[in-house]
Amino acid sequence: MKRLLFPLIIVSLFFSACNSEHKSELVQHLETIFYDASFAKIPEQEFNLADYGAVADGKTLTTEAIQKTIDAAAEAGGGKVIFPAGTYLSGALFVKSNVNLHIDEGVVIQAVQNNDYYPRLDTRIAGIEMKWPAALINVYDQKNVRITGKGVIDGNGKYWWDKFWGDPKYSGGMYGEYNEKGIRWAVDYDCERVRPVVVWESEDVLLKDFTVKRAGFWTVSLTYSTRVHVDGLVVRNNIGGHGPSSDGVDTDSSKDILVENCDIDCNDDNLCIKAGKDADGLRVNRPAENIVYRNCITRSGHGLITLGSETSGGMKNIEVYGLEAIGTSTGIRFKSAKVRGGLIENIWFHDIKMKDVANPFRFELNWYPEYSYCNIPESIPEEEIKDRWRLLSQRVVPEEKGIPEFRDIKISNITVEKAEQAFYANAYPEKHIHHISFENVTVEAKESGKLSYASDWTMTNVQLTSASGKAIELIECNNIQQPELITPAKIDVPEKKNRPSLEEQMKVLSENKALVIIPVNRTAQHAIVQGDTTLFSEEMEIQILQQKEAFLSYLEPMGDGGNYMPVEISFKPAEGILEVKAQRQHDFTFIVNSETQPESITGADKWQYDAENKQILIEKTGNSFTLLIN
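This is a predicted model, so every value here is computed, not measured.

Criteria and cut-off values
Counting restarts for each chain: residues are numbered from 1 in the order of the written sequence. At least 70 in pLDDT is required for a residue's local features to be given in this predicted model, at least 80 for side-chain atom pairs to be given and counted, and no such filter applies to totals for whole chains, interfaces and linings, which use all residues. No hydrogens and no water enter the side-chain calculation; it runs on all heavy atoms of the structure. Helix and strand assignments come from DSSP, with helices taken as H or I runs of at least 4 residues and strands as E runs of at least 2, each series counted from the N terminus. Throughout, the radius of gyration refers to the C-alpha atoms, and the reference size of a globule is 2.2 Å times the residue count to the power 0.38. Exposure categories follow from relative accessible area, calculated using a 1.4 Å probe and restricted to protein chains: below 20% of the type maximum is buried, above 50% is exposed, and the middle band is partly exposed. For the purposes of this section, nonpolar cores are sets of buried Ala, Val, Leu, Ile, Met, Phe, Trp, Tyr and Cys residues that join through side-chain atoms within 4.5 Å. Working rule for contacts: check all heavy atoms of both residues, and any pair within 4.5 Å makes them a contact. As defined here, a cavity is a set of points on a 1 Å grid over the protein atoms alone where a 1.4 Å probe fits but cannot get out. A pocket is an open set with protein on both sides within 12 Å along at least five of seven lines, and residues line them when an atom is within 4 Å of a point. Grid points are joined across faces, edges and corners, and a volume is the space filled by probe spheres set on the points. Residue polarity is assigned by list, with Asp, Glu, Lys and Arg as charged and Ala, Val, Leu, Ile, Met, Phe, Trp, Tyr, Cys and Pro as nonpolar; anything else, Gly included, falls into the polar class.

**Student:** Would you take a moment to explain the overall build of the protein for this structure?
**Tutor:** Per the secondary structure count, the protein includes 10 helices and 47 strands. Relative to a compact globule of 630 residues, whose C-alpha radius of gyration would be 25 Å, the protein shows 26 Å and is just as compact. Projected onto its principal axes, the C-alpha coordinates of the protein cover approximately 85 × 60 × 50 Å. Per-residue burial for the protein yields a buried fraction of 57% across its 630 residues.

In structure tokens, the structure reads:
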């Protein structure tokens, strides 16, 4: 108990400083910086792109003209760069100290879809220091910078989306290639996707009022920076498709950050805080601290506010409030892994509304194992292994250093309507997620949820209206207070019927002469048909009943289970092709009805022919692969 006394005193002072009438010391500190008229003040003189040869026709490459205008302003001691209305096609631009890049209404800066126009620079991508293409708009090692105006920064991202996972989605791309090689975790680092806006190793920066759309990767990245104010941005990334990892605003190992009044629609974490990954993040050991996210709206996306998954440098002194989630898949979300490390403490979430958010409180510290735990397969030749792969797969020593710790977190004044699962947490036997307090929280959900390896959770004035009528399931937990459980008088969700036994399911399906492929999840006792959703299981059985061409697709949870991705199985007996496409690795067993024994099966780990039952038995571990039955 003595060990916890000091941090708890700090947390108490931090939390008690803010209530409905008084702002916390952290908020006051940041407002003193960012609301001062002298913050990131720029000289009054203006520099017009028209004077430097820029053509706003959306076809002519204008990188050089825009950069000349920025450089002229910087060389003159600073000033505002202004754009006549129109669309400016551009590669990487670098905003200099004492310059305001003013993108007025009617102005669009659109990314040229060619990596040659984005020089590779030293940076950090998803928690690892490495070289990567510059962003469309860069603030790199600068001070006193503004990017303002109600214009548009268009990431023009579909080029990079298709490069990542093909068109249509999951049809190929580098994602498909890397899946087949068993290195799904590496594609994010090798598929060099251009970000719209990056602030790197900079100070005193204002990003205000503009719209960003169609990001090729993370939308706004703030890394290793101090005193950055993000105010009134609109993010619209789901235009013309859904790009991979199109986060909204990411703060990465930075200090004194205020993000407010933003409206974000994306295809990953809407608002996110990060601090480095695994051995490399522990080496850098730079925290994310003194951060406020407030008064924002999130729409499509995977996290109203996410801490992680990169947590190695630690996070502290963070306050998040005044947010509203509308249909975002997850609300307050923690992500980490057992190789990541980091101490996450002194965090306060309050005055937040969520509606149609499936998972309002989801804390998964063993997040997405296929992505988080990087191992280079022995099948990859030594000469093909990239240095960054070695860095990603470097082991943390001692192993205990890789276990992150989440503690001293307060969640108050939260309302949740129409959720699926109210509470979920999964930590470690060696290190629980502990000292979490909920106060003045109301949740309406179908299921109450489950906590694993949690300790010392308090719930004061917490009401859970659960259609299931069950308390939160506790697994290896200590000192957990349950919320006040309310069972609605009238349940507005269909009553669950007991699923027939697996034997009964198989009997019914096998009588359907049109069926060819039947996946079987024996862990969940679930025989799967086209379009089904099933729980994740490491072991999957695939039955091929007839020698007929067939295709089947079903959904399984990806990562921490908050989102679902397709598993596709196709069988072409005339060509001898049996193909699987999935995101997560499984131990597959295929049972193929066949009157004849094949000569060979290319791609199988093991196979044999059962002459008595006239079946080919095939074993294969992987996620995406092709088997050739000869």
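Moving on from the coordinates now.
**Student:** Where do I start with the nonpolar core in this structure?
**Tutor:** Grouped burial of nonpolar side chains is what soluble globular proteins tend to show. Core analysis: the largest hydrophobic core is formed by 103 residues, its most contacted members being Leu207, Phe349, Phe361, Phe423, Ile433, Phe438 and Trp457. The element contributing the most residues to this core is strand E31 (residues 405–426), with nine residues. Setting aside its immediate chain neighbours within four residues, Trp457 contacts Phe363, Ala425, Ile433, His434, Ile436, Phe438, Leu451, Asn479, Ile480 and Gln481. Membership of the second largest hydrophobic core comes to 30 residues, among which are Met130, Tyr178, Ile183 and Tyr189.

**Student:** It is not clear to me how empty space enclosed by the protein should be interpreted in this structure. Could you clarify?
**Tutor:** Gaps left between atoms show up when a probe the size of a water molecule is rolled over them. According to the stated counting rule, one finds one cavity of 30 Å³ or more in the structure shown. Its volume calculated, the largest cavity comes out at about 450 Å³. In terms of lining, the largest cavity is formed by 31 residues, of which the most central are Asp188, Ser245, Asp268, Trp367 and Met558. Elements with a contribution of two residues or more to the lining of the largest cavity: helix H4 (158–165), strand E28 (330–335) and strand E41 (563–572). Split into classes, the residues belonging to the lining of the largest cavity amount to 13 nonpolar, seven polar and 11 charged.

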